[in-house]
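Understanding the architecture of this molecule
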Amino acid sequence: MRILVINAGSSSLKYQLFRMEDQRVLAKGLCERIGIEGGRVIHKLDGRDKYQAMVDMPTHSAAMKVVSDLLTGHETGAVRSMSEIDAVGHRVVHGGEYFNESVVVDDKVISAIEECIPLAPLHNPPNLIGIRACSEILGSVPQVAVFDTAFHQTMPQMAYLYSLPYKYYEHMKVRRYGFHGTSHRYVACRAAEILGRDLSGLKLITCHMGNGSSLAAVKEGSSIDTSMGFTPLEGVPMGTRSGNIDPAIIKFIMEKDDITIDEVDKILNKKSGVLGISGVSSDFRDLDQAVENGNERARAALDVFCYSVKKYIGAYAAAMAGCDALIFTAGVGENNILIRERIASGLAYMGLELDEDKNRSANGECVISSGNSPGKILVIPTNEELVIATDTQRLATN
Ligand code: ADP
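Quick look at the structure, then. This is a predicted model, so every value here is computed, not measured.

A closer look at the pattern of salt bridges
Summed over all chains, the structure comprises 22 salt bridges. Among the ionic pairs, R24 bridges to D46, the shortest N-O distance being 2.5 Å. One end of the pair, R24, is in strand β3 (residues 24-32); the other, D46, is in the loop between β4 (40-45) and β5 (50-54), and 22 residues separate them in sequence. Under the relative-accessibility criterion, R24 is labelled partly exposed at 40%. Its relative accessible area of 36% is what places D46 among the partly exposed residues. E255 is the partner of K251 in a salt bridge, and the nearest nitrogen-oxygen pair spans 3.1 Å. With a gap of four residues between them, K251 and E255 both fall in helix α7 (residues 248-257), about one helical turn apart. Assigned by exposure class, K251 and E255 land together as exposed. Each member of the salt-bridge network shares a partner with another, and the members are E296, R299, D303 and R342.

So this is what it looks like as C-alpha cells:
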C-alpha cells in the first residue's frame, strides 16, 4: 500500500510517500514559496541525491501538480502513475472540539475544518487547500485528516478551561486545545513499547522541544494536560514565541511603546522567546555557541527556557501523582545534550535519575536514565509523518 502524507502550510507543501509494508519513505520533498515569486522544490528519492528546481507555483494545486510530476517522473519518480497511490493523509492543525481522532475526509469533515478556521486562521485554510488540491489530482482516492489537537481532546475540563467569563468558552470556544498532539501520541506509544509496558499502566511526561515547544501529561495513554493552549503561543518559551507571560504586560507595553495590538501579537509570536531574550537567534545551536563565547543574554535565554520546562515537569508529575517516564523529542529534545542535562538533572526526588554518560552518547531511541532509576528518561525521535501514514492506512482500509 502506498500512502502520500501532505503537510500544507500557507506558502509551503511538504510531502512523503510511504510504502506501508515496510514503512519505508520512497520519496519526500518540499515545495516552497507557493503563491510568491521564486518558487522552489526540493525532492528526494530514496537512495538518490536530492533534486532541486526553481519553479513558480501560483497555487497549492500547481504545487500538487509539481509533486505529482516528480513522483511519477522518469528520473525522480517513485511510482509509475499517481493511481498507484492508495490514500492520502493530511496534517490538519486545528480540529477544535469536533475531532478527538483522525477521520476520513468527507463533506461534513471539510465543513467542520472550515468552522475551525477562526481558531487557526493561518493553518487550517492551507490545510483545506491541500485536501482540495489532492482531490483535483487524485480524484476519489480516500483522504484522511490527522489533527494536531485531537490527542489532547481527552483533557478534563479543569485542564482545558480558562478562568475567564464562561461565555468566552460557551460562545467562542476559547479553551485550551493543545498542539503537537501527533508527536506526543507517537512518543508516548513508542515509550511504552521500548519499556515493554502497557501504555494503560503508565504516567508519562512528553517534552516536544523544537522551534515550537510543548509538554504533555499522558496518563494511561490519554493526554490529561498540555502546555500549549488556545493557540501555540502558551506554555514554555520557544524559539520566537513568548510562552506564558502576565497578560497585563500587553496593555502596559502597548501604552508605553505606543504600538497596536497587531504589533504586540507579532512581538509575542515572532520576536520573543529565546530570540527575544538573547537578541542572538531562535536556534538553540546558535545560542549554545553564543554562551560558549560568553554571551550573558544567550545564557539567560537558556536559563529561562530550562527553568520553565522543569516547572512544567513538576506540575505534571503533581497532576498525575507521579511520573514513570520523561521523554524528550523534536529538534532540541533529540539533539541538545546540554539542554536535556539541565532539564533532567535534579529530578531524583521524583524518581528520575539522569545518567550523564548515557545522555551524552544518546543516539536515536534510547534510555538515558541510570540503571537503578525508578522512573525512566528517554530520547525518542518523533515521526509525525509515520503516524499520519499509519492512521491513514487504518482508516482507508476499513
Ligand atoms: P520545528 O519545530 O520547526 O519542527 P525542529 O524540531 O527541527 O523544529 O527543532 C528546531 C531546533 O532544533 C533548533 O533550535 C535547533 O537548534 C535544534 N536542532 C535541530 N537539529 C539539531 C542538531 N542536529 N543538533 C542540535 N540541535 C539541533
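Back to the write-up after that little detour.
Regarding the site of the ligand
Near the ligand you find G210, N211, G212, D283, F284, R285, A330, G331, V332 and N335, and these make up its full shell. Between the ligand and R285 there is a distance of 3.2 Å, counted from an oxygen atom to a backbone nitrogen or oxygen. When the ligand sits alone it has 580 Å² of accessible area, and the protein chains cover 63% of it. Contributions of two or more residues to the shell around the ligand are made by α10 (284-292) and α12 (330-335). With four residues, α12 is the largest single contributor of residues to the shell around the ligand. Grouping the amino acids of the shell around the ligand by side-chain chemistry returns three nonpolar, five polar and two charged.

Conventions and cut-offs
Residues numbered from 1 in each chain as written. Predicted model: local features only at pLDDT ≥ 70, side-chain atom pairs only at ≥ 80, totals over all residues. Heavy atoms only, no water. Salt bridge = Lys/Arg side-chain N within 4 Å of Asp/Glu carboxyl O. Helix = DSSP H or I, 4+ residues; strand = E, 2+ residues; numbered from the N terminus. Buried < 20%, exposed > 50% of the residue type's maximum accessible area, 1.4 Å probe, protein only. Near = heavy atom within 4 Å. Polar contact = N/O pair within 3.5 Å; in protein donor to acceptor, adjacent residues only side chain to side chain. Areas by Shrake-Rupley, 256 points an atom, 1.4 Å probe, with all protein chains shown as cover. Nonpolar A, V, L, I, M, F, W, Y, C, P; charged D, E, K, R; others polar.

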